[in-house]
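# Coordinate inspection notes
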Amino acid sequence: IAAGMQSAGVYKSLTNKFANIISFEDPNGFDSGNPGDLEDAIDAGLMILQQENSASKWVVDQTSYGFDSNFVYNSLQAVYMADVLAIQLAESLERFAVGQSLADLDSAGIVAFIGKKMDEFRRLKIIGASDDAPLGYKNLAVSINGPIAEVKLEAKLATAILFIPIQLELSQIQSSSSGQE
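Residue numbers run consecutively from 1 along every chain, following the written order of its sequence. The predicted origin of the model limits local features to residues at a pLDDT of at least 70 and limits the giving and counting of side-chain atom pairs to 80 or more, whereas totals for whole chains, interfaces and linings rest on all residues. Values shown for side chains rest on all heavy atoms present in the structure; no hydrogens or waters enter the calculation.

### Re the environment of Ile21
Each helix is a run of H or I in the DSSP string that is no shorter than four residues. Each strand is a run of E no shorter than two, and both are numbered from the N terminus. Summarising the element assignment, Ile21 is placed in the loop between β1 (18–19) and α2 (35–43). Residues Ile21 and Lys57, spaced 36 residues apart in sequence, show a C-alpha to C-alpha distance of 9.6 Å. Ignoring anything within four residues of it in the chain, the contact list for Ile21 reads Ile1, Leu49 and Ser56. In what follows, residue pairs with any heavy atoms lying within 4.5 Å of each other are defined as contacts.

### Considerations on unusual backbone geometry
Peptide bonds are mostly trans, and most non-glycine residues show a negative phi. Positive phi values are uncommon outside glycine, yet Asn16 reaches one of about 70°. Its place among the elements puts Asn16 in the loop between α1 (2–9) and β1. Given a relative accessible area of 47%, Asn16 falls into the partly exposed group. With a phi close to 55°, Asn139 is a non-glycine residue in the positive phi region. Mapped onto the elements, Asn139 comes out in strand β4 (residues 137–145). Categorising residues by exposure relies on relative accessible area from a 1.4 Å probe, with only protein chains included: less than 20% of the type maximum marks a residue as buried, more than 50% marks it as exposed, and the intermediate range marks it as partly exposed.

### Remarks on a nonpolar patch on the surface
The residues that make up patches have over 30% relative accessible area and no salt bridge, and they are joined within 9 Å when like-charged or within 5 Å when they are Val, Leu, Ile, Met, Phe, Trp or Tyr. Per-residue and other accessible areas were derived by the Shrake-Rupley procedure at a 1.4 Å probe size, with only the shown protein chains allowed to occlude residues. By definition here, a salt bridge exists when the distance from a side-chain nitrogen of Lys or Arg to a carboxyl oxygen of Asp or Glu is within 4 Å. Nonpolar side chains collect at one region of the surface, where Ile161, Ile164, Ile166, Leu168 and Leu170 lie side by side and expose about 690 Å² of accessible area between them. Note that Leu168 resides in the segment after β5 (148–155). A relative accessible area of 67% means that Leu168 is categorised as exposed.

### Overview of the packing of α1 against helix α3 (residues 76–97)
Each axis is a line fitted through C-alpha atoms, and for a helix only the stretch in contact is used; angles between axes span 0 to 180 degrees, taken between their N-to-C directions. Relative to each other, α1 and α3 sit at 50°, their axes nearing to 10 Å. Considering their axes alone, α1 and α3 lie oblique with respect to each other. With respect to the hand of their crossing, α1 and α3 are arranged in right-handed fashion. Mapping the contact onto sequence places Ala2, Ala3, Gln6 and Ser7 in α1 and Leu76, Gln77 and Tyr80 in α3. Here the contact of α1 with α3 is built from residues that sort into 4 nonpolar, 3 polar and no charged. Note on terminology: angles under 35 degrees are roughly parallel, angles over 145 are roughly antiparallel, angles of 65 to 115 are roughly perpendicular, and the others are oblique. Crossing handedness is read from the near helix: turned anticlockwise from the far helix by less than a right angle, it gives a left-handed crossing, and turned clockwise, a right-handed one. Gly is placed with the polar residues, together with every amino acid not listed as nonpolar (Ala, Val, Leu, Ile, Met, Phe, Trp, Tyr, Cys and Pro) or charged (Asp, Glu, Lys and Arg).

### Some details on the side chain of Ser75
Inspection of the secondary structure assignment puts Ser75 in the loop between β3 (55–58) and α3. Here a polar contact is taken to be a pair of N or O atoms separated by no more than 3.5 Å, where protein atoms must pair a possible hydrogen donor with a possible acceptor and residues adjacent in sequence count only if both atoms sit in side chains. In this structure the side chain of Ser75 is engaged in a polar contact, spanning 3.1 Å, whose partner is the backbone nitrogen of Ala78. What Ser75 contacts, discounting residues up to four positions off in sequence, is Asp61, Gln62 and Thr63.

### Overview of the packing of α3 against helix α4 (residues 107–123)
Where α3 meets α4, the closest approach of the two axes is 11 Å, and the angle between their N-to-C directions is 145°. The interaxial crossing formed by α3 with α4 has right-handed handedness. Every residue of α4 that contacts α3 at Leu85, Gln88, Leu89, Ser92, Leu93, Phe96 and Ala97 is listed here: Gly109, Ile110, Phe113, Ile114, Lys117 and Phe121. Here the residues of the contact of α3 with α4 are counted per class, giving 9 nonpolar, 3 polar and 1 charged.

In structure tokens:
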């Protein structure tokens, strides 16, 4: 269900979205309505549903991957979007450049093609602007050495907001006044 929802949602995360299911049952010892149990499940890397009124929603879209801090492998949406980006970029570059003569195509032509492709990915919301990469990507370099055109770039994957920690400070009301004498 989650994989189908993610592929249909394309760039949108299924976090906080309702699943098209009739019902589900919590496993023994787990209560999806208990905030402590939810936090433990999230810390354990589980992607869980929570009953809300008459529907079930995904609490978070994380995967069970916990080997390192790579944000891509920890989110179903990020894995899907990274795959879409990598596969579409590779396929489009293959159609554009593979088989072309080096007399007709140089590294600048490939850079220009990639720039247009990255604009398309940004319009599709696969990548997004970042303070260090307003176009959604940076450090694009193409190097041709004989029959090999090596491409390097850093893309800013447009993932979802999953948590909103709030720091709220409370203080007492103070009031003073004085009158004229």
